[in-house]
Amino acid sequence: MTQCDLANAPAVHLDIEPFAVACAPQLDRSPLAVPGICFNSACARAFSPARAWQVYCCESCRRFGEREMRKVGHMAAPALLAWRLGKYETQDAARRDLSRAARRWVGHLQSAWLRDRQRRAAG
């Protein structure tokens, strides 16, 4: 088996509570989505949620939201890993520099994503 033959390799399994569960009290006080307003910033249509946790008005908007989160997640993952790898580094100056650069880049990504969502919401 070569190093790139990973067809039968175990998948990544992170045993951690979802953000919505771990931060439920905080999200209750300051929700990311306005209840009854579609979380798809390009839609933002008012709707009557069938469940308390529903944030999208329809299946199409939910799928769009999944794609958006996946795309941003794929962009952020390497930087988040680099940031954390060097966060407590005491010996390797290059790793500390990479960690700081990754932290700055994540901030830039967050700002760009928010601006893009605001632009789409403005229509």
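Just above sits the structure.
Cut-off values and rules
Residues numbered from 1 in each chain as written. Predicted model: local features only at pLDDT ≥ 70, side-chain atom pairs only at ≥ 80, totals over all residues. Heavy atoms only, no water. Helix = DSSP H or I, 4+ residues; strand = E, 2+ residues; numbered from the N terminus. Expected span 1.5 Å × (residues − 1). Bend = angle between axes of the 7 residues up to and from the residue. Buried < 20%, exposed > 50% of the residue type's maximum accessible area, 1.4 Å probe, protein only. Contact = heavy atoms within 4.5 Å. Polar contact = N/O pair within 3.5 Å; in protein donor to acceptor, adjacent residues only side chain to side chain. Salt bridge = Lys/Arg side-chain N within 4 Å of Asp/Glu carboxyl O. Axes fitted to C-alpha atoms, helices over the stretch in contact; angles between N-to-C directions. Parallel < 35°, antiparallel > 145°, perpendicular 65-115°, else oblique. Left-handed = near helix turned anticlockwise from the far one by under 90°. Nonpolar A, V, L, I, M, F, W, Y, C, P; charged D, E, K, R; others polar.

J.: So what's going on with helix α3 (residues 59–86)? Which residues, and what values?
T.: If you check α3, its first and last C-alpha atoms are 40 Å apart, about what 28 residues at 1.5 Å a residue would give, namely 40 Å. Largest kink in α3: about 40 degrees, centred on A76, with the proline P78 one to four residues after it. Looking at α3, one finds that the buried residues are C61, G65, E68, V72, A76, A79, A82 and G86. Contact partners of the buried residues in α3: α4 (93–122).

J.: Would you mind going over α4 in detail, with residue names and values included?
T.: Compared with an ideal rise of 1.5 Å per residue, which puts 30 residues at 44 Å, α4 spans 44 Å between its outermost C-alpha atoms and is within 8% of the ideal. The complete set of buried residues in α4 reads S99, A102, V106, L109, R117 and R120. The inward-facing, buried residues of α4 abut α3. In this structure D92 caps α4, since a side-chain oxygen of it lies 3.1 Å from the backbone nitrogen of A94. Of the residues flanking the end of α4, it is G123, one or two places downstream, whose phi is positive at about 80 degrees.

J.: Hey, could you go over the pattern of salt bridges for me, with residue numbers and the actual values?
T.: All told, the structure shown has nine salt bridges when counted by the stated rule. Ionic pairing is found between E68 and R120, a salt bridge with its closest N-O pair at 2.8 Å. Separated by 52 residues along the polypeptide, E68 in helix α3 and R120 in helix α4 bring together distant segments of the chain. For the pair shown, E68 and R120 are each scored as buried. Ionic pairing is found between R119 and D116, a salt bridge with its closest N-O pair at 2.5 Å. Placement of both R119 and D116 in helix α4 is noted, with a separation of three residues, approximately one turn of the helix.

J.: Provide a residue-level description of the packing of α3 against α4, including the pertinent values.
T.: For the pair α3 and α4, the least separation of the axes is 6 Å and the interaxial angle reads 160 degrees. Judged by the angle between their axes, α3 and α4 are roughly antiparallel. Between α3 and α4 the crossing geometry is left-handed. Contact with α3, carried on its side by F64, E68, M69, V72, M75, A76, A79, L80, A82, W83, L85 and G86, involves R95, R96, L98, S99, A102, R103, W105, V106, L109, W113, R117 and R120 of α4 and no other residues of that element. Considering only residue class, the contact of α3 with α4 consists of 16 nonpolar, two polar and six charged.

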